[in-house]
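Architecture at a glance
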Amino acid sequence: MKTIFYIILFVSFNPFIVQAQNDPKAEKLANEVLDKVKSYDNISINFSYTLENISEQLKEETRGEVYVEGNKYRLNLMGTTQIFDGSKLYTIIPADEEINISSVNSQDDTTITPSKMLTFFEDGYLYKWDIQQNQNGREIQYIKLIPIDSNAEYKNILLGVDKYTKNISNLIYSMNNGTRTEIKISSFKPNEPLSENIFKFDKSKYPGYYINELD
């Protein structure tokens, strides 16, 4: 699960200057999406996740949910829960009755965390206008995100945007090793009333769990 999670959401890069230009239409739409996401106090998302590599006859599918407020988040994926309260990251693994606790530098802008799931493309990418598709009556316009770092693990990311709501519908990662991963948003709810404890770790709820302090 940890490997898959990092493929989806944690990408490190060291950008350098290249002689390339953004497509004006793609840049305009990307900025509209960013402005809208940043206007929300919190976001609740249900999503499906698919990983596929045809040459290796590999296909994995699962579902998850994530709650985001500022830089705090709670992610439920593949039976594991991650809670980031703004300073500590708690990874709860019920199958092993184990909890890993680590410190996270919330000011580090070189990694994509769940809290940046819908804003990670603000820096480090070139924007190119791509295809438009009708998906269940919704007009989805794709922006191709090309990493500035030529050493990135993926060739590009397709960012699907609902043409009318300006919300993200899906993300498709094309990896250099032939693997294709897709995050498809099935439910997007901004500014929902959230429990005050949703981003808090309560040790009393996990009696008998092994707690591993990584820092």
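Structure's up top.
This write-up is about the structure you can find in this document. (Residues numbered from 1 in each chain as written. Predicted model: local features only at pLDDT ≥ 70, side-chain atom pairs only at ≥ 80, totals over all residues. Heavy atoms only, no water.)

Note: strand β7 (residues 125–135) against strand β8 (residues 138–147), nine bridges, orientation antiparallel. Bridging across to β8, Leu126 finds its partner in Ile146. Taking the residues between adjacent antiparallel strands as the criterion, β7 and β8 are bridged by two residues, where Asn136 takes a positive phi near 55°. (Pairing = 2+ DSSP bridges. Helix = DSSP H or I, 4+ residues; strand = E, 2+ residues; numbered from the N terminus.)

Once that is clear, we can look at the sheet that holds strand β5 (residues 88–93). In space, the 12 strands of this open sheet follow the order β7-β8-β9-β10-β11-β1-β2-β3-β4-β5-β6-β12, with mixed pairing throughout. In the strand order of this sheet, the two ends are held by β7 and β12 (210–213), each with one partner. The sheet shows a mean angle of 15° between the axes of neighbouring strands, direction not considered. In terms of strand pairing, strand β6 (residues 98–103) meets β12 through four bridges, oriented parallel. Bridge pairing in β12 links Glu98 to Tyr210. (Axes fitted to C-alpha atoms, helices over the stretch in contact; angles between N-to-C directions.)

Our next topic: the pattern of salt bridges. If you walk through the whole model with that rule in mind, you get five salt bridges. Put simply, Glu32 and Lys28 hold a salt bridge, and the shortest N to O gap is 2.7 Å. Here Lys28 and Glu32 lie together in helix α2 (residues 24–38), a separation of four residues that amounts to about one turn. Residue Glu32 is classed as partly exposed on the basis of its relative accessible area of 28%. In this structure, the salt-bridge partner of Lys38 is Glu122, at a minimum N-O distance of 2.5 Å. Taken together, the residues span a long stretch of sequence, with Lys38 in helix α2 and Glu122 in the loop between β6 and β7 at a distance of 84 residues. Taking the relative accessible area as the measure of exposure, Glu122 reaches 36% and is therefore partly exposed. (Salt bridge = Lys/Arg side-chain N within 4 Å of Asp/Glu carboxyl O. Buried < 20%, exposed > 50% of the residue type's maximum accessible area, 1.4 Å probe, protein only.)

Read these as spatial facts, not as claims about activity.
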